[in-house]
Amino acid sequence: MVTIIAGIILSGGKGERIGGKKPFRVFNGKYLINYPSDVLKSLKIPYVTVFAKNSIDLEMERKYLIKYKCLISFDLIEGKGPLMGILCGMRALNAKWFIVLPCDCPYVTKEALEKLIANIEIAEKNNNLCIIPKHENGYIEPLFALYKRDSLHILNKIIMEDKNLSIRYFISHLNPLYIKAEELDESKRIFKNINTIEELKNVE
Ligand SMILES: Nc1nc2c(ncn2[C@@H]2O[C@H](COP(=O)(O)OP(=O)(O)OP(=O)(O)O)[C@@H](O)[C@H]2O)c(=O)[nH]1
Ligand SMILES: [Mg+2]
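- As recorded in an unreviewed UniProt entry, the chain goes by the name Probable molybdenum cofactor guanylyltransferase, listed as coming from Methanocaldococcus bathoardescens.
- Under the UniProt heading Subcellular location (unreviewed entry), the note attached to the chain is "Cytoplasm".

This is the structure in C-alpha coordinates:
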(Lines give C-alpha, C1' and ligand atoms only; values in the text may rest on other atoms or scores of the structure.)
(Ligands and ions follow the chains in the order given, each with its own letter.)
Protein backbone atom coordinates (compact mmCIF):
# COMPACT_ATOMS: atom_id res chain seq x y z
CA MET A 1 0.00 0.00 0.00
CA VAL A 2 1.26 3.46 -0.83
CA THR A 3 0.86 5.89 2.05
CA ILE A 4 -0.63 9.19 0.95
CA ILE A 5 1.52 11.39 3.19
CA ALA A 6 4.85 10.78 4.89
CA GLY A 7 7.23 13.09 6.69
CA ILE A 8 10.89 13.89 6.21
CA ILE A 9 12.72 15.56 9.09
CA LEU A 10 15.93 17.14 7.88
CA SER A 11 18.58 16.63 10.54
CA GLY A 12 21.82 16.43 8.64
CA GLY A 13 23.07 20.00 8.76
CA LYS A 14 26.38 20.92 10.36
CA GLY A 15 24.70 23.17 12.92
CA GLU A 16 27.73 25.45 12.74
CA ARG A 17 26.01 28.49 14.25
CA ILE A 18 24.86 26.49 17.26
CA GLY A 19 28.15 24.62 17.73
CA GLY A 20 27.04 21.28 16.24
CA LYS A 21 24.61 18.59 17.48
CA LYS A 22 21.64 20.78 16.51
CA PRO A 23 18.93 18.07 16.61
CA PHE A 24 19.92 17.16 20.16
CA ARG A 25 20.21 20.65 21.59
CA VAL A 26 17.71 21.18 24.39
CA PHE A 27 14.98 23.80 23.93
CA ASN A 28 12.42 24.28 26.69
CA GLY A 29 13.15 20.88 28.20
CA LYS A 30 13.06 18.84 24.99
CA TYR A 31 15.52 18.04 22.22
CA LEU A 32 14.85 20.23 19.18
CA ILE A 33 14.25 17.16 17.04
CA ASN A 34 11.53 15.92 19.38
CA TYR A 35 9.21 18.78 18.39
CA PRO A 36 8.58 17.86 14.73
CA SER A 37 8.81 14.16 15.65
CA ASP A 38 6.07 14.49 18.28
CA VAL A 39 3.78 16.41 15.93
CA LEU A 40 4.15 13.91 13.07
CA LYS A 41 3.60 11.07 15.53
CA SER A 42 0.45 12.73 16.89
CA LEU A 43 -0.87 12.98 13.32
CA LYS A 44 -0.02 9.30 12.77
CA ILE A 45 2.05 10.25 9.75
CA PRO A 46 4.93 7.85 9.07
CA TYR A 47 8.21 9.68 8.75
CA VAL A 48 11.92 9.34 8.17
CA THR A 49 14.57 11.38 9.91
CA VAL A 50 17.62 12.01 7.74
CA PHE A 51 20.90 12.54 9.58
CA ALA A 52 24.31 13.48 8.17
CA LYS A 53 26.39 10.88 6.35
CA ASN A 54 29.27 10.86 8.78
CA SER A 55 27.28 11.61 11.87
CA ILE A 56 29.14 11.93 15.14
CA ASP A 57 25.95 11.69 17.20
CA LEU A 58 25.27 7.99 16.66
CA GLU A 59 24.55 7.29 20.32
CA MET A 60 21.93 10.06 20.48
CA GLU A 61 20.47 8.90 17.19
CA ARG A 62 20.21 5.34 18.56
CA LYS A 63 18.27 6.59 21.60
CA TYR A 64 16.05 8.70 19.33
CA LEU A 65 15.30 5.62 17.21
CA ILE A 66 14.35 3.61 20.31
CA LYS A 67 12.03 6.41 21.49
CA TYR A 68 10.23 7.11 18.23
CA LYS A 69 10.63 3.85 16.28
CA CYS A 70 10.52 5.90 13.08
CA LEU A 71 12.67 5.31 10.04
CA ILE A 72 16.17 6.72 10.08
CA SER A 73 18.24 7.46 7.03
CA PHE A 74 21.60 9.10 6.38
CA ASP A 75 22.69 11.39 3.56
CA LEU A 76 24.25 9.45 0.67
CA ILE A 77 26.82 12.17 0.10
CA GLU A 78 28.08 14.56 2.72
CA GLY A 79 27.65 18.33 2.69
CA LYS A 80 25.15 18.65 -0.16
CA GLY A 81 22.54 20.44 1.90
CA PRO A 82 18.79 19.95 2.39
CA LEU A 83 18.17 18.63 -1.16
CA MET A 84 20.22 15.54 -0.32
CA GLY A 85 18.13 15.06 2.82
CA ILE A 86 14.90 15.28 0.81
CA LEU A 87 16.23 12.82 -1.77
CA CYS A 88 17.24 10.26 0.87
CA GLY A 89 13.94 10.74 2.69
CA MET A 90 11.90 10.14 -0.47
CA ARG A 91 13.95 7.04 -1.21
CA ALA A 92 13.39 5.64 2.27
CA LEU A 93 9.60 5.89 2.36
CA ASN A 94 6.99 5.34 -0.28
CA ALA A 95 4.34 8.05 -0.18
CA LYS A 96 2.53 10.28 -2.63
CA TRP A 97 3.35 13.48 -0.76
CA PHE A 98 6.11 14.33 1.71
CA ILE A 99 5.92 16.91 4.48
CA VAL A 100 9.44 18.27 4.79
CA LEU A 101 10.36 19.82 8.12
CA PRO A 102 13.64 21.03 9.59
CA CYS A 103 14.84 19.58 12.90
CA ASP A 104 14.77 23.04 14.49
CA CYS A 105 11.12 24.09 14.43
CA PRO A 106 10.01 23.85 18.09
CA TYR A 107 6.81 25.82 17.49
CA VAL A 108 5.43 23.48 14.82
CA THR A 109 1.83 22.45 15.52
CA LYS A 110 -0.49 19.69 14.50
CA GLU A 111 -3.06 22.26 13.36
CA ALA A 112 -0.60 24.01 11.03
CA LEU A 113 0.40 20.74 9.38
CA GLU A 114 -3.26 19.80 8.95
CA LYS A 115 -3.88 23.13 7.21
CA LEU A 116 -0.85 22.58 4.98
CA ILE A 117 -2.05 19.08 4.07
CA ALA A 118 -5.53 20.42 3.26
CA ASN A 119 -3.99 22.07 0.17
CA ILE A 120 -3.07 18.76 -1.46
CA GLU A 121 -6.42 18.51 -3.21
CA ILE A 122 -5.88 21.85 -5.00
CA ALA A 123 -2.30 20.93 -5.87
CA GLU A 124 -3.44 17.62 -7.35
CA LYS A 125 -5.93 19.46 -9.58
CA ASN A 126 -3.40 22.07 -10.70
CA ASN A 127 -0.49 19.69 -11.18
CA ASN A 128 1.62 21.47 -8.58
CA LEU A 129 4.50 19.28 -7.43
CA CYS A 130 5.06 21.22 -4.23
CA ILE A 131 3.14 23.39 -1.77
CA ILE A 132 5.16 26.20 -0.24
CA PRO A 133 4.15 28.73 2.44
CA LYS A 134 4.94 32.31 1.43
CA HIS A 135 5.07 35.41 3.64
CA GLU A 136 3.61 38.77 2.67
CA ASN A 137 7.12 40.12 2.05
CA GLY A 138 7.74 37.36 -0.49
CA TYR A 139 9.93 35.20 1.76
CA ILE A 140 9.24 31.49 1.23
CA GLU A 141 9.41 28.50 3.60
CA PRO A 142 10.59 25.60 1.41
CA LEU A 143 11.75 23.56 4.43
CA PHE A 144 8.27 23.68 5.95
CA ALA A 145 6.50 22.45 2.87
CA LEU A 146 5.00 19.58 0.91
CA TYR A 147 6.66 17.85 -2.05
CA LYS A 148 5.07 15.31 -4.34
CA ARG A 149 6.90 12.06 -5.02
CA ASP A 150 6.60 12.87 -8.75
CA SER A 151 9.31 15.50 -8.19
CA LEU A 152 11.85 12.78 -7.33
CA HIS A 153 13.21 12.38 -10.87
CA ILE A 154 13.83 16.13 -11.07
CA LEU A 155 15.57 16.05 -7.70
CA ASN A 156 17.71 13.10 -8.80
CA LYS A 157 18.73 14.96 -11.96
CA ILE A 158 19.63 18.15 -10.06
CA ILE A 159 21.73 16.22 -7.57
CA MET A 160 23.47 14.23 -10.32
CA GLU A 161 24.31 17.47 -12.17
CA ASP A 162 25.68 18.86 -8.88
CA LYS A 163 25.68 22.44 -10.21
CA ASN A 164 22.95 24.24 -8.33
CA LEU A 165 21.80 22.51 -5.15
CA SER A 166 19.67 25.37 -3.87
CA ILE A 167 16.15 24.50 -2.86
CA ARG A 168 14.85 27.51 -4.84
CA TYR A 169 16.34 26.03 -8.01
CA PHE A 170 14.57 22.72 -7.31
CA ILE A 171 11.27 24.50 -6.65
CA SER A 172 11.56 26.46 -9.89
CA HIS A 173 10.99 23.14 -11.73
CA LEU A 174 7.93 22.14 -9.70
CA ASN A 175 5.12 24.57 -10.62
CA PRO A 176 4.75 25.45 -6.91
CA LEU A 177 1.47 26.13 -5.20
CA TYR A 178 2.19 29.03 -2.88
CA ILE A 179 -0.03 29.40 0.14
CA LYS A 180 -0.18 32.28 2.59
CA ALA A 181 2.11 31.67 5.58
CA GLU A 182 -0.45 33.27 7.89
CA GLU A 183 -3.03 30.72 6.75
CA LEU A 184 -1.09 28.07 8.66
CA ASP A 185 -0.46 30.21 11.74
CA GLU A 186 -1.58 33.80 12.13
CA SER A 187 1.35 34.58 14.45
CA LYS A 188 3.77 32.83 12.03
CA ARG A 189 5.61 31.53 15.09
CA ILE A 190 5.58 27.98 13.68
CA PHE A 191 8.24 29.01 11.15
CA LYS A 192 10.74 30.17 13.77
CA ASN A 193 14.00 28.26 13.51
CA ILE A 194 16.65 27.97 16.19
CA ASN A 195 20.13 28.67 14.92
CA THR A 196 22.22 29.85 17.87
CA ILE A 197 22.82 29.02 21.53
CA GLU A 198 21.18 32.36 22.44
CA GLU A 199 18.01 31.38 20.58
CA LEU A 200 17.86 28.14 22.57
CA LYS A 201 17.34 30.21 25.70
CA ASN A 202 14.70 32.53 24.24
CA VAL A 203 11.64 30.44 24.85
CA GLU A 204 8.58 32.48 23.86
N1 LIG B 1 19.90 15.71 5.73
C2 LIG B 1 20.43 16.94 5.64
N3 LIG B 1 19.84 17.97 6.28
C4 LIG B 1 20.42 19.20 6.19
C5 LIG B 1 21.61 19.43 5.45
N6 LIG B 1 21.93 20.76 5.54
C7 LIG B 1 20.98 21.32 6.31
N8 LIG B 1 20.07 20.38 6.70
C9 LIG B 1 18.91 20.58 7.57
O10 LIG B 1 18.13 21.62 7.02
C11 LIG B 1 17.57 22.41 8.06
C12 LIG B 1 17.89 23.88 7.83
O13 LIG B 1 19.29 24.06 7.87
P14 LIG B 1 20.01 25.12 8.82
O15 LIG B 1 19.02 25.84 9.66
O16 LIG B 1 20.96 25.91 8.01
O17 LIG B 1 20.81 24.13 9.83
P18 LIG B 1 22.32 23.73 9.79
O19 LIG B 1 22.82 23.71 8.39
O20 LIG B 1 22.44 22.48 10.59
O21 LIG B 1 23.00 24.91 10.61
P22 LIG B 1 24.20 25.90 10.16
O23 LIG B 1 25.41 25.03 9.95
O24 LIG B 1 24.35 26.83 11.31
O25 LIG B 1 23.73 26.55 8.89
C26 LIG B 1 18.10 21.85 9.38
O27 LIG B 1 17.10 21.03 9.94
C28 LIG B 1 19.31 21.05 8.96
O29 LIG B 1 19.55 19.93 9.81
C30 LIG B 1 22.21 18.32 4.79
O31 LIG B 1 23.26 18.41 4.13
N32 LIG B 1 21.58 17.10 4.92
MG1 LIG C 1 22.83 25.55 7.16
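1. Here we look at the overall build of the chain
Consideration 1: A tally of regular secondary structure across the chain gives 9 helices and 9 strands.
Consideration 2: Over its C-alpha trace the chain gives a radius of gyration of 16 Å, about what one expects of a compact globule, namely 17 Å for 204 residues.
Consideration 3: Its C-alpha atoms put the chain at 40 × 40 × 35 Å along the principal axes.
Consideration 4: Pairs at least 24 apart in sequence give 70% of the contacts found in the chain among residues at least 6 apart.
Consideration 5: As displayed, the chain offers around 10300 Å² of accessible surface, 53% of which is attributable to carbon and sulfur atoms.
Consideration 6: Here the chain contributes 30 positive and 24 negative side-chain charges, whose respective centroids are spaced 4 Å apart.

2. Side note on the sheet that holds strand E7 (residues 130-134)
Consideration 1: Overall, mixed pairing links the 7 strands, which are arranged E5-E4-E1-E6-E8-E7-E9 in an open sheet. Every interior strand has two partners, whereas the edge strands, strand E5 (71-74) and strand E9 (177-180), have only one. Neighbour-to-neighbour, the strand axes of the sheet open up by a mean angle of 25°, direction not taken into account.
Consideration 2: Note that strand E1 (residues 3-11) and strand E6 (residues 95-102) share 7 bridges and pair parallel. Along E6, the bridge assignment pairs Ile8 with Val100.

3. Quick look at the UniProt feature "domain: MobA-like NTP transferase" (unreviewed entry) in the chain
Consideration 1: Feature annotation in UniProt places "domain: MobA-like NTP transferase" (unreviewed entry) on residues 7-158, given in this structure's numbering.
Consideration 2: The distance from the first to the last C-alpha atom of residues 7-158 is 21 Å, and the span holds 35% helix and 23% strand.

4. Quick notes on the packing of aromatic side chains
Consideration 1: Under the criterion given, the structure shown has 10 aromatic pairs.
Consideration 2: Consider the rings of Phe24 and Phe51, whose centres lie 6.1 Å apart with planes at 25°: the pair is stacked. Residue Phe24 is found in the loop between E1 and strand E2 (26-27), and its partner Phe51 is found in strand E4 (residues 47-51); the two are separated by 27 residues along the sequence.
Consideration 3: Both rings, one in Phe144 and one in Phe191, keep their centres 5.0 Å apart while their planes meet at 65°; by these two values the pair is edge-to-face.

5. What about the UniProt feature "binding site: Mg(2+)" (unreviewed entry) in the chain?
Consideration 1: The positions that UniProt labels "binding site: Mg(2+)" (unreviewed entry) are, in the present scheme, Asp104.
Consideration 2: Position of Asp104 relative to the elements: it lies in the loop between E6 and helix H4 (110-117).
Consideration 3: Contacts of Asp104, omitting those with residues within four sequence positions, involve Lys22, Leu32, Lys192, Asn193, Ile194 and Asn195.

6. Quick notes on the site of ligand 1
Consideration 1: The environment of ligand 1 is formed by 19 residues, the closest being Leu10, Gly15, Glu16, Arg17 and Asp75.
Consideration 2: Take Lys22: an N or O atom from its side chain is 3.0 Å from an oxygen atom of ligand 1.
Consideration 3: When residues of the shell around ligand 1 are traced back to their parent elements, those giving at least two are E1 and helix H3 (82-92).
Consideration 4: Grouping the amino acids of the shell around ligand 1 by side-chain chemistry returns 6 nonpolar, 7 polar and 6 charged.

Cut-off values and rules
Residues numbered from 1 in each chain as written. Chains lettered and ligands numbered in written order. Predicted model: local features only at pLDDT ≥ 70, side-chain atom pairs only at ≥ 80, totals over all residues. Heavy atoms only, no water. UniProt positions renumbered as here; feature names shortened; annotations may be inferred. Helix = DSSP H or I, 4+ residues; strand = E, 2+ residues; numbered from the N terminus. Rg over C-alpha atoms; globule rule 2.2 N^0.38 Å. Contact = heavy atoms within 4.5 Å. Areas by Shrake-Rupley, 256 points an atom, 1.4 Å probe, with all protein chains shown as cover. Lys, Arg positive; Asp, Glu negative; His and termini not counted. Charge placed at Lys NZ, Arg CZ, Asp CG, Glu CD. Pairing = 2+ DSSP bridges. Axes fitted to C-alpha atoms, helices over the stretch in contact; angles between N-to-C directions. Phe/Tyr/Trp six-rings, centres within 6.5 Å; stacked < 30°, edge-to-face > 60°. Near = heavy atom within 4 Å. Polar contact = N/O pair within 3.5 Å; in protein donor to acceptor, adjacent residues only side chain to side chain. Nonpolar A, V, L, I, M, F, W, Y, C, P; charged D, E, K, R; others polar.

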